[in-house]
Amino acid sequence: MISSLRQSIVRRYHEFQQIGRDPVLMVGLLISAAFVFLFVVWPLLRVVVQGFFAFETGAFSVEYFERYVDPYFARHNWNTLRDTMVMGISTATGGTLLGFIVAFTLVRCNYPFQRVSHALSLIPTISPPFAIAIAVILLFGRAGLVTKDWLGINFGVGVNDVYGLDGLVFVQIITFFPVAYLIIRAMLERLDPAMEEAAQSLGASKFHILRSVTLPLLVPGFAGAFLLLFVESLADLGNPLLLTGTRNVLSTEIFLAVNGEYNQQKAAALSLVLLIPTLTVFIVQRYWVSRRSYVSVTGKPTGGQLQVKEWFIRWPFIIVTTLSLFLVAVLYLSIAVGSFTKLWGVDFSFTLENYQIAFSRGMEAILDTTFLAAIATPIAGILGMIIAFLVVRRQFSGKEGLDFVSNLGAAVPGTILGIGFIIAFIKPPLPALILIFVAFLLYLMSNVQSNRSRKIVIVILGLVPGLALAYRLPAWGGDWVVANVALILSLILLVVARYSTLPKQRRQVTILFLFVTAGLIAFIIGPYPSSALAMYGRSLGGTAAKVVTSIADWIDVFSQVPLPAHGLLLLAIGGYIMHMIMPGRRLIFTVVLLVIGSMLIFAGAPLALVGTSYIIIAAYSVRSLPASLRAGVASLQQIDPAIEEASTSLGADAQLTFRRVTLPLIAPAFLAGLIFAFARHMTSLSAIIFLTTPKWRILTVQILSEVEQGGLNIATAYAMIVIAIVLIAIGLFYFFMGRAYRSDTDVNLDIGGADRQLSAE
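None of the values given here were measured: they were computed from a predicted structure.

What about helix H30 (residues 699–708)?
In step 1: Most of H30 sits out of view: eight of its 10 residues are buried.
In step 2: What H30 keeps buried is the set Leu-699, Thr-700, Val-701, Gln-702, Ile-703, Leu-704, Glu-706 and Val-707.
In step 3: Positive backbone phi, at 90 degrees, marks Gly-710, one or two positions downstream of H30.

Re the packing of helix H21 (residues 452–498) against helix H22 (residues 503–525)
In step 1: Packing of H21 against H22 leaves a shortest axis separation of 9 Å and a crossing angle of 170 degrees. On the basis of their axis angle, the class for H21 and H22 is roughly antiparallel. Residues Asp-479, Trp-480, Ala-483, Asn-484, Ala-486, Leu-487, Ser-490, Leu-491, Leu-493, Leu-494, Ala-497 and Arg-498 of H21 lie in contact with H22, whose contacting residues are Arg-506, Val-509, Thr-510, Phe-513, Leu-514, Val-516, Thr-517, Leu-520, Ile-521, Phe-523 and Ile-524.
In step 2: Per-class residue counts for the contact of H21 with H22 are 16 nonpolar, four polar and three charged.

Quick word on helix H23 (residues 527–540)
For the α-helix, the turn length of 3.6 residues means that residues three or four positions removed from each other point alike.
In step 1: If you check H23, its first and last C-alpha atoms are 20 Å apart, about what 14 residues at 1.5 Å a residue would give, namely 20 Å.
In step 2: All of the buried residues in H23 are Ser-530, Ala-534 and Gly-537. Seen from one end, H23 has its buried residues packed into an arc of 60 degrees, which puts them on one side. Turned more than 90 degrees away from the buried face of H23 sit Tyr-528, Met-535 and Ser-539, all of them exposed.
In step 3: Those residues of H23 that are buried are in contact with helix H24 (542–559).

Some remarks on the packing of helix H8 (residues 165–190) against helix H11 (residues 219–235)
In step 1: Relative to each other, H8 and H11 sit at 155 degrees, their axes nearing to 9 Å. Judged on the interaxial angle alone, H11 and H8 are roughly antiparallel. Crossing of H8 over H11 shows right-handed handedness. For the pair H8 and H11, contact is made by Gln-172, Phe-176, Val-179, Ala-180, Ile-183, Ile-184 and Met-187 and by Pro-220, Gly-221, Phe-222, Ala-225, Leu-228, Leu-229, Glu-232 and Ser-233, respectively.
In step 2: Looking at the contact of H8 with H11 residue by residue, the class counts come to 11 nonpolar, three polar and one charged.

The rules behind these values
- Residues numbered from 1 in each chain as written.
- Predicted model: local features only at pLDDT ≥ 70, side-chain atom pairs only at ≥ 80, totals over all residues.
- Heavy atoms only, no water.
- Buried < 20%, exposed > 50% of the residue type's maximum accessible area, 1.4 Å probe, protein only.
- Helix = DSSP H or I, 4+ residues; strand = E, 2+ residues; numbered from the N terminus.
- Axes fitted to C-alpha atoms, helices over the stretch in contact; angles between N-to-C directions.
- Parallel < 35°, antiparallel > 145°, perpendicular 65-115°, else oblique.
- Contact = heavy atoms within 4.5 Å.
- Nonpolar A, V, L, I, M, F, W, Y, C, P; charged D, E, K, R; others polar.
- Expected span 1.5 Å × (residues − 1).
- Arc of directions from axis to C-beta.
- Left-handed = near helix turned anticlockwise from the far one by under 90°.

What follows is the structure in structure tokens.
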């Protein structure tokens, strides 16, 4: 048993040694694995643990789980769980059915205005998560235009209205059906028509072909769409907050536990209850549906589609599709009209006051949301491409785990992720940080050509003074003093590295170390220009003050990157250039490197990110990472590895092959991933609502706040601003970067997990 375990560990170590022969590839694996562990695995683990421990005392407690059997609480808790499951199943069933009808109509029924209809069906994916709920309230609410003004309905006691489980399910079906539409349309377009043509040649009617051939072939798509919509429904927060009425679902209970009761243990316990069905569904979707059906959206159709011409089949699909698209158009038209209306339901006169208030009151939210979304977009895109390359092109133990965890960020409801971020990063996540540090340390020491005893001595010589400095320096002046000491030591290390390498390698070594020193210099001097700019901005007053002070905050985002990031980058660079260092000079180089790295990583309160912009950027990146990852995987699976192997056989290493061969080939998927990521960031709510601060305001949270205060007209103006920003961003992406690839930018939308392309929770 012990021998077998040892052989397994040795085998895995040799696998990583093989990857380590290419330093760029190994660094990419370390960085991506560290990111998903720190911002996906660790928050979820903290949520699970927190559900069993009181936040204030730390004592073990199962109070909120016992309430499911306590007669006083059991009825409410089980009713909430029942309503949550009914909501999820009903939304998934209705959304999948509507998605199939629209997809079948546009693909098989020769429907007119294909481009307009396709674009109209996708509008819900680029709008705020509860925009349709606002529209439904405007049209069909108790003071709605249709219900009150046109139909004269007086909603008294016992009269059903849009508030409740039925109204919520209706809104969620309209909100989420584009997910099913995209998946099923992709399958319909790529179904081999040979079987249907064979059935037709044997005399089968179109209805019989539809029932016995087409629908069975689409079963994997139906299952995948159903599971995705089920998870999306359970993860939704915005719509339930507005429409549940007297009913309760778990996502709103979790939100109220944090924002109303300030009870993190209750929120964590409820999150764990919600996590069980969503995670179960995610695993089923991933390991059952996806392994039985791979939908290639980038491939070409295998043949012409069999068009349906029989009126008794064609017209029911056309009528339902037309009514559905008309409803979507009316709902969004009501949002647009409401944004220019003085007071919906009372005074429908035209006004620009809503936009004036929105830009005045919400200018900081508009600027901050767009900025943070723009920062997180390339992070998610680059990480997604790196992980996709590792998953598709490399064999190593843990590959499936890396792929699974990377997709988990979108499968987990945003409320759970938001709670996890608060619990995990309100204090320094030292256990997680230690594990990540050990991984980087092992990589660094694996490149030190020495025996085990000598390596242990080097580690001790580096860690002891480094940790001592990390303990003492913050007391003398905080992170600023730590950064100054690290800068001085980094300059010394740069000199050591330059004179420990061959002349032809010194330029590369210098450039790499200048990244670290430049980051430390920016950390030291960054607050001075940003403070001066913020002071100047506050003197201006009005909207100009908000714009200038926001820009000052943006400067801090770039300059005040947490010190552990500098430390890990330094260790990664050290491991990368270790083979360039002359063997006789590796001792002093490694010792100084460990002193600086350990000091930067563990000084002060490392990665206590709650209240900073970085936790919002991380949440954005985690939620959109699966979209970029699946786009990259779909693209790489269609590229013949022989092309890359030819580059390698000609002497190119992995980074050169990836940069000069692979990257140009996957550029369309990369651009598509960027577009999807930005749209998702701009419309995200459920995870971000827990992480916003007065300094960093998010537009979707601002919209929700306006709705809760009765400002529906202002909320519609905000919603139109979000839609406009997303559309402008998509247009700019295509204009500047994607025009050459526009015909090839389709990607696999049937991604693992509950990730909804271009959508918010």
